[in-house]
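# Descriptive structure summary
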Amino acid sequence: MKKGQLIVISGFAGTGKGTLVKLLTSRYEKDYILSVSATTRQPRSGEREGIEYFFKTVDEFEEMIRNDELLEYAKFVDNYYGTPASFVKEWREAGRNVILEIEIQGALKIKEKYEDTVLIFVVPPSAEELKARLIKRGTETEEVIDKRLKRAGEESEGIEKYDYVLVNDDLETCVEELHQVICASAHSTKTQGELIERLRQELKVFG
Ligand code: 5GP
């Protein structure tokens, strides 16, 4: 069976990437599976253990780091976030494309480990729109919103390290663009290293 792709989606807090990824994975559920991260952040209202995140204490999270259970982890605005390794490995081997919705430091660590990872950055149409969406979401205090906006400025410096950038203006358009980009990237020479190498070896027969 062909191994699934590893796809990382990042974007500033409030860009709507969570909604985007949920729509992608429910619309094309045979193609994609969303990895569930561990975090030390407090659950927001409506968030469920094992669905949005595995909620951990700092001690529990640091234990996971020591036991090498995380593929990557990072600190983001005062909390730990990390990707459990076993989930990603098992689903990729089962042929499913695994989506990681993570921030930039983690994304770059994953790319270092697995060169064929596809990195996609989702941006809002404008900075004003980003602020408006964060306020409208109403899940964070003004202080946290300010920290997240400041962090967005820092994160914007790293966008060129990603393979693709998508604008989330209209959700429906963006989800289809996302699916198309992932489908196209499966044929990129970067992700087809094994195929190219096999053909090279086979061609040697002809001298
Ligand atoms: P939030 O608190 O809004 O759910 O997430 C804050 C940030 O952490 C988002 O940018 C989200 O993509 C990122 N994040 C979520 N899970 C992980 C993870 O496992 N690893 C890393 N590095 N970032 C994560």
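Computed from a predicted model, the values in this text were never measured in an experiment.

The next subject is the pairing of strand β1 (residues 6-11). With six of its six residues buried, β1 lies for the most part within the structure. The alternating pattern of β1 places L6, V8 and S10 and I7, I9 and G11 on opposite faces, both of which are buried. Here β1 runs beside strand β7 (residues 97-101); their pairing, made up of four bridges, is parallel. The partner of I9 across the bridge, within β7, is E101. Bridge count for β1 against strand β8 (residues 118-123) is five bridges, and the pairing is parallel. Opposite G11, over in β8, you have V122 as the bridge partner.

Let us now look at the sheet that holds β8. Taken in spatial order, the five strands of this open sheet run β2-β7-β1-β8-β9, and their pairing is parallel. Pairing within the sheet leaves two strands with one partner each, and these edge strands are β2 (32-34) and β9 (164-167). The mean inter-strand angle of the sheet, taken between neighbouring strand axes irrespective of direction, is 25°. Here helix α7 (residues 171-185) sits on the sheet and contacts β1, β2, β7, β8 and β9; the angle it forms with β9, its principal contact strand, is near 165°.

Strand order in this open sheet of four strands is β4-β3-β6-β5, and the pairing throughout is mixed. Of all strands in the sheet, those bounded by a partner on one side alone are β4 (53-55) and β5 (70-76). Between one strand axis and the next, the sheet turns by 25° as a mean value, whatever way the strands run. Inspection of the sheet shows β5 paired to strand β6 (residues 79-84) by six bridges, in the antiparallel sense. Bridge pairing in β6 links Y73 to G82.

So, how was this worked out
- Residues numbered from 1 in each chain as written.
- Predicted model: local features only at pLDDT ≥ 70, side-chain atom pairs only at ≥ 80, totals over all residues.
- Heavy atoms only, no water.
- Buried < 20%, exposed > 50% of the residue type's maximum accessible area, 1.4 Å probe, protein only.
- Helix = DSSP H or I, 4+ residues; strand = E, 2+ residues; numbered from the N terminus.
- Pairing = 2+ DSSP bridges.
- Axes fitted to C-alpha atoms, helices over the stretch in contact; angles between N-to-C directions.
- Contact = heavy atoms within 4.5 Å.

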